[in-house]
Amino acid sequence: MNNTGKLKLSSSELDLDRPNIEDYLPSGSSVQQERLGKLRLYMCDLLDISPSLFEAAGAIVDDSFTRCFKSNPPEPWNWNVYLLPLWCCGVVIRYLILFPFRVLVLTLGWIIFLSSFIPVNFLLKGNDDMRRKIERCLVEMICSFFVASWTGVVNYHGPRPCMRPRQVFVANHTSMIDFIILEQMTAFAVIMQKHPGWVGLLQSTILESVGCIWFNRSEAKDREIVARKLRNHVQGANNNPLLIFPEGTCVNNHYTVMFKKGAFELGCTVCPVAIKYNKIFVDAFWNSRKQSFTTHLLQLMTSWAVVCDVWYLEPQNLKPGETPIEFAERVRDIISIRAGLKKVPWDGYLKYSRPSPKHREGKQKSFAESVLRRFEEN
């Protein structure tokens, strides 16, 4: 019997598999009825203290937290006699024609970039304004080469960001390529997790030229340092626009997790940016726990194209009486609605750490009090 047939069993068939509680009770109508009544009472008591049990069961059955960080593989469509030859032709085109050409484009971009960036960085040290302006254009250029190496089709909606003091841009986060896609249009100074390998080398050399700020999630001291750098950056009129991904981690472009309040307590205008990827050719979600960024780039470069929309939305300011947390939720609503993403009430940092002992003890204490209260009533 196939799976569909199993799911369509009638209620009478399912009842045959259920244990009959009365069969396990001693014979005799009075004793049997009395014990059955007590058992039902205990079951009712258990259901009365069920909020905690319901929450736990719901987390198992409908784990919306884990689903935020999972890439849903597409259903196979090519394993039949009609489409398999076409799929094989597509593999040949993508890996043997498009991929080498894209590698050539990206290599050419790096040659042009480095042959310009290194002399500018050394020769214009005395003229900071001119040096920053040229380096900003060069960073935008290399990001454009990256997008071209994926055959990126990016549709930008809304006015292009400009350099103004006391403003910060916030966006939902799917992959590190979010930064590249936004950077090719405007040279943002981004706040981002410090990465190892060649990505970390680029962060500490090239991207620092546009004022990017890096942090280490595992070091508590970095929070105070980063907060101070953010406040100093947004005050400068000549600094590049500041871009923050307040979710703090990559989410699979179907959901938005809780926004950190840091970007919303700087006392400046918040400009929401919504990014939505079309999975028709490739899933742009980067699961950093399962693949390196190099593998992720190779996946993009061997796909047909990366298709996405970017919306620069109406700037928002803190309303009278509104807390930074409420402000963050309001901006998250705006981004989620525009990009068609589902909001979930999770902290993205739980992806990297276990719940705190204080949180667990609070849940345990609440459950124990509800059990004791119920038994005292009886």
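Described in the following lines is the structure provided in the data block. (Residues numbered from 1 in each chain as written. Predicted model: local features only at pLDDT ≥ 70, side-chain atom pairs only at ≥ 80, totals over all residues. Heavy atoms only, no water.)

**Observations regarding the pairing of strand β8 (residues 306–312)**
A regular strand carries its side chains on alternate faces of the sheet.
Link 1 in the chain: Extensive coverage of β8 is indicated by the burial of 6 of its 7 residues.
Link 2 in the chain: Bridging between strand β1 (residues 152–157) and β8 involves 6 bridges; their strand directions are parallel. Across the sheet, residue His 157 finds its bridge partner in β8, namely Trp 311.
Link 3 in the chain: Relative to β8, strand β7 (residues 269–278) runs antiparallel, the two being bridged by 6 bridges. Paired with Lys 276 across the strands is Asp 309, a residue of β8. (Buried < 20%, exposed > 50% of the residue type's maximum accessible area, 1.4 Å probe, protein only. Helix = DSSP H or I, 4+ residues; strand = E, 2+ residues; numbered from the N terminus. Pairing = 2+ DSSP bridges.)

**Re the sheet that holds strand β2 (residues 167–171)**
Link 1 in the chain: An order of β1-β8-β7-β2-β5-β3-β4 is seen for the 7 strands of this open sheet, with the pairing classed as mixed. Strands at the two margins of the open sheet, each flanked by one partner only, are β1 and β4 (213–215). Neighbour-to-neighbour, the strand axes of the sheet open up by a mean angle of 20°, direction not taken into account.
Link 2 in the chain: Taken together, the 3 bridges between strand β3 (residues 189–193) and β4 define a ladder with parallel strand orientation. (Axes fitted to C-alpha atoms, helices over the stretch in contact; angles between N-to-C directions.)

**A look at the packing of aromatic side chains**
Link 1 in the chain: The final tally for this structure, using the stated rule, is 8 aromatic pairs.
Link 2 in the chain: A ring pair is formed by Trp 286 and Phe 293, whose centres lie 5.2 Å apart and whose planes are at 65°; its orientation type is edge-to-face.
Link 3 in the chain: Owing to a relative accessible area of 7%, Phe 293 belongs among the buried residues under this scheme.
Link 4 in the chain: Here a set of aromatic residues connected by ring pairs shows up, and it is made of Trp 110, Phe 113, Phe 117 and Phe 146. (Phe/Tyr/Trp six-rings, centres within 6.5 Å; stacked < 30°, edge-to-face > 60°.)

**A word on the environment of Leu 350**
Link 1 in the chain: Tracing the sequence through the fold places Leu 350 in the loop between β9 (342–343) and α13 (357–377).
Link 2 in the chain: In sequence terms Leu 350 and Thr 249 are 101 residues apart; their C-alpha atoms lie 10.0 Å from each other.

**Things to note about the packing of helix α6 (residues 84–123) against helix α11 (residues 293–301)**
Link 1 in the chain: In contact at an axis separation of 10 Å, α6 and α11 are set at 120° when each is read in the N-to-C sense. Relative to α11, the element α6 lies oblique. Touching Phe 99, Arg 102, Val 103 and Leu 106 of α6 are Leu 298, Leu 300 and Met 301, all from α11.
Link 2 in the chain: Partitioned by chemical class, the residues of the contact of α6 with α11 number 6 nonpolar, no polar and 1 charged. (Parallel < 35°, antiparallel > 145°, perpendicular 65-115°, else oblique. Contact = heavy atoms within 4.5 Å. Nonpolar A, V, L, I, M, F, W, Y, C, P; charged D, E, K, R; others polar.)

**Some details on empty space enclosed by the protein**
Link 1 in the chain: Applying the stated criterion across every chain, the model contains 2 cavities of 30 Å³ or more.
Link 2 in the chain: Here the largest cavity is characterised by a volume of approximately 230 Å³.
Link 3 in the chain: Residue lining of the largest cavity: 17 residues in total, with Phe 146, Phe 179, Ile 180, Leu 202 and Leu 207 positioned closest to the centre.
Link 4 in the chain: Listing elements by their share of the lining of the largest cavity, those giving two or more residues are α6, α7 (128–149), α8 (177–183) and α9 (197–204).
Link 5 in the chain: Of the residues that constitute the lining of the largest cavity, the class distribution is 16 nonpolar, 1 polar and no charged.
Link 6 in the chain: In this model, the second largest cavity occupies a volume close to 40 Å³. (1 Å grid on protein atoms, 1.4 Å probe; cavity = no way out; pocket = protein on both sides within 12 Å on 5 of 7 lines; lining within 4 Å. Points joined across faces, edges and corners; volume = space filled by probe spheres on them.)

By themselves, these are just geometric observations and shouldn't be taken as functional.
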